[in-house]
Amino acid sequence: MLKGKKSPLLPPLKLFREILRAHRQLPALQRSLGDSYVKQEFKLHKNADNPIHIVGFLQSWQDYLQMISEGQWKDYKLSKQELDKMSPEQVGQLYELMKETQNF
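Residues numbered from 1 in each chain as written. Predicted model: local features only at pLDDT ≥ 70, side-chain atom pairs only at ≥ 80, totals over all residues. Heavy atoms only, no water.

**Considering the overall build of the protein chain**
Reasoning step 1: Within the protein chain one finds five helices and zero strands.
Reasoning step 2: When the backbone C-alpha atoms are referred to their principal axes, the protein chain occupies close to 35 × 30 × 30 Å.
Reasoning step 3: For the protein chain, the residues scored as buried account for 22% of the 104 residues in total.
Reasoning step 4: Entry remark: accessible area of the protein chain is about 7900 Å², with carbon and sulfur atoms responsible for 57%.
Reasoning step 5: Positive and negative charge centroids in the protein chain, built from 16 and 12 side chains respectively, lie 6 Å apart. (Helix = DSSP H or I, 4+ residues; strand = E, 2+ residues; numbered from the N terminus. Buried < 20%, exposed > 50% of the residue type's maximum accessible area, 1.4 Å probe, protein only. Areas by Shrake-Rupley, 256 points an atom, 1.4 Å probe, with all protein chains shown as cover. Lys, Arg positive; Asp, Glu negative; His and termini not counted. Charge placed at Lys NZ, Arg CZ, Asp CG, Glu CD.)

**Focus on the pattern of salt bridges**
Reasoning step 1: Per the counting criterion, the structure on display carries five salt bridges.
Reasoning step 2: One salt bridge connects Glu18 with Arg21, and the closest N-O pair in it is separated by 2.8 Å. Placement of both Glu18 and Arg21 in helix α1 (residues 12-22) is noted, with a separation of three residues, approximately one turn of the helix. (Salt bridge = Lys/Arg side-chain N within 4 Å of Asp/Glu carboxyl O.)

**Structural notes on the packing of aromatic side chains**
Reasoning step 1: The tally for this structure, following the rule as stated, stands at six aromatic pairs.
Reasoning step 2: Residues Phe42 and Trp61 carry aromatic rings whose centres are separated by 5.7 Å and whose planes lie at 50 degrees to one another, so their mutual orientation is tilted. Linking Phe42 in helix α2 (residues 28-44) with Trp61 in helix α3 (residues 51-69), this pair joins segments that are 19 residues apart in sequence.
Reasoning step 3: Note on Trp61: relative accessible area 10%, which makes it buried.
Reasoning step 4: Each ring, one from Trp61 and one from Tyr64, has its centre 5.2 Å from the other, and the planes form 80 degrees; the classification is edge-to-face. (Phe/Tyr/Trp six-rings, centres within 6.5 Å; stacked < 30°, edge-to-face > 60°.)

**Here we look at α1**
Reasoning step 1: Considered for burial, the residues of α1 that qualify are Leu15, Ile19, Leu20 and Ala22. Taken end-on, α1 shows its buried residues confined to a sector of 160 degrees, consistent with a single buried face.
Reasoning step 2: Elements that come into contact with the buried residues of α1 comprise α2 and α3. (Arc of directions from axis to C-beta. Contact = heavy atoms within 4.5 Å.)

**Describing the packing of α2 against helix α5 (residues 88-102)**
Reasoning step 1: Following both chains from N to C, one finds α2 and α5 inclined at 155 degrees, their axes separated by 12 Å at the closest point. Overall, the two elements α2 and α5 adopt an arrangement that is roughly antiparallel. The two elements α2 and α5 cross, and the hand of that crossing is right-handed. Taking contact as the criterion, the partners of Leu33, Tyr37 and Glu41 in α2 are, on α5, Gln93, Leu97, Glu100 and Thr101.
Reasoning step 2: Looking at the contact of α2 with α5, its residues break down into three nonpolar, two polar and two charged. (Axes fitted to C-alpha atoms, helices over the stretch in contact; angles between N-to-C directions. Parallel < 35°, antiparallel > 145°, perpendicular 65-115°, else oblique. Left-handed = near helix turned anticlockwise from the far one by under 90°. Nonpolar A, V, L, I, M, F, W, Y, C, P; charged D, E, K, R; others polar.)

In structure tokens, the structure reads:
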């Protein structure tokens, strides 16, 4: 998670659009991979009804948007603390994503 002042959470559709817009500054391969991943995640969470999960989901994606917008994605390293907070499913997704990016 990025440090600093937190902005109010964006509504889901606005956040989704802003992320896709921010991806335009990425190289073509990263943009393609990022766009498809974002679309998949938002689709999977479209019908979430747990407010705690919704807020966590939106906050994580808003932090991601800030990182992409500020160009911090190039040097970002996932901390052990962030990794420890992930569920086994999230760690598995991260591993699959890592494998997929190595194919490029």
